[in-house]
Amino acid sequence: MAKLQPLETFSLQETEDGYRLLVSAVGGEAIYVSITSEQMDEIIDSLDTALTGEEETSGEEDFDDAD
């Protein structure tokens, strides 16, 4: 397993086909990655889950029982 290194650079740019992500670690080489819109949605969902600790269930919506 590769050694984890601290993040140094993070950049996201929208392209015609989705997004271009730039990531580099302190003292490491930069990596450019092409990401589709669907992959970006998955990344956002994963980050949301990691930050809130809550996982949304598809199709579930909040509603008021009084309706």
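What you see is a predicted model, and the numbers here were worked out from it, not measured in a lab. (Residues numbered from 1 in each chain as written. Predicted model: local features only at pLDDT ≥ 70, side-chain atom pairs only at ≥ 80, totals over all residues. Heavy atoms only, no water.)

Student: When you look at the sheet that holds strand 1 (residues 7–15) in this model, what are you seeing that I'm missing?
Tutor: Backbone hydrogen bonds hold the strands of a sheet together, and the pairing may be parallel or antiparallel. The sheet built from three strands is open, its strands ordered 1-2-3 with antiparallel pairing. Edge positions in the open sheet fall to strand 1 and strand 3 (31–35), since each of these has one partner strand only. On average, each strand axis in the sheet is tilted by 20° relative to the strand beside it, whichever way the strands run. Where strand 1 lies against strand 2 (residues 18–25), eight bridges are found, and the strand directions are antiparallel. Of the residues in strand 2, the one forming a bridge with F10 is V23. (Pairing = 2+ DSSP bridges. Helix = DSSP H or I, 4+ residues; strand = E, 2+ residues; numbered from the N terminus. Axes fitted to C-alpha atoms, helices over the stretch in contact; angles between N-to-C directions.)

Student: Help me out: how do you make sense of the environment of Y32 in this one?
Tutor: Looking at the element boundaries, Y32 is found in strand 3. For the pair Y32 and L12, spaced 20 residues apart in the sequence, the C-alpha separation amounts to 9.6 Å. Once residues within four sequence positions are removed from consideration, Y32 is found in contact with R20, L21 and L22. (Contact = heavy atoms within 4.5 Å.)

Student: Sorry if this is basic, but what is going on with the pairing of strand 2 here?
Tutor: Along a regular strand, successive side chains alternate from one face of the sheet to the other. What sits between the antiparallel neighbours strand 1 and strand 2 is a turn of two residues. Judged from the five bridges that link them, strand 2 and strand 3 form a sheet pairing that is antiparallel. Bridge assignment links L22 to a residue of strand 3, and that residue is Y32. Connecting strand 2 to the antiparallel partner strand 3 that follows it, the hairpin turn spans five residues, and G27 within it adopts a positive phi of roughly 75°.

Student: Can you walk me through the confidence of the model for the chain in this structure?
Tutor: When pLDDT is averaged across the chain, the result is 85; 81% of the residues are at 70 or more. Taken element by element, the chain is modelled with least confidence in helix 1 (residues 37–52), mean pLDDT 94, and with most confidence in strand 3, mean pLDDT 96. (pLDDT = per-residue confidence, 0-100.)

Student: Can you walk me through helix 1 in this structure?
Tutor: What sets the pattern is the α-helix's 3.6 residues per turn: residues three or four places apart point alike. Between the first and last C-alpha of helix 1 there are 22 Å, a value that for 16 residues agrees with the 22 Å anticipated at 1.5 Å per step. With its phi angle positive at about 75°, G53 sits one or two positions after the end of helix 1. (Expected span 1.5 Å × (residues − 1).)

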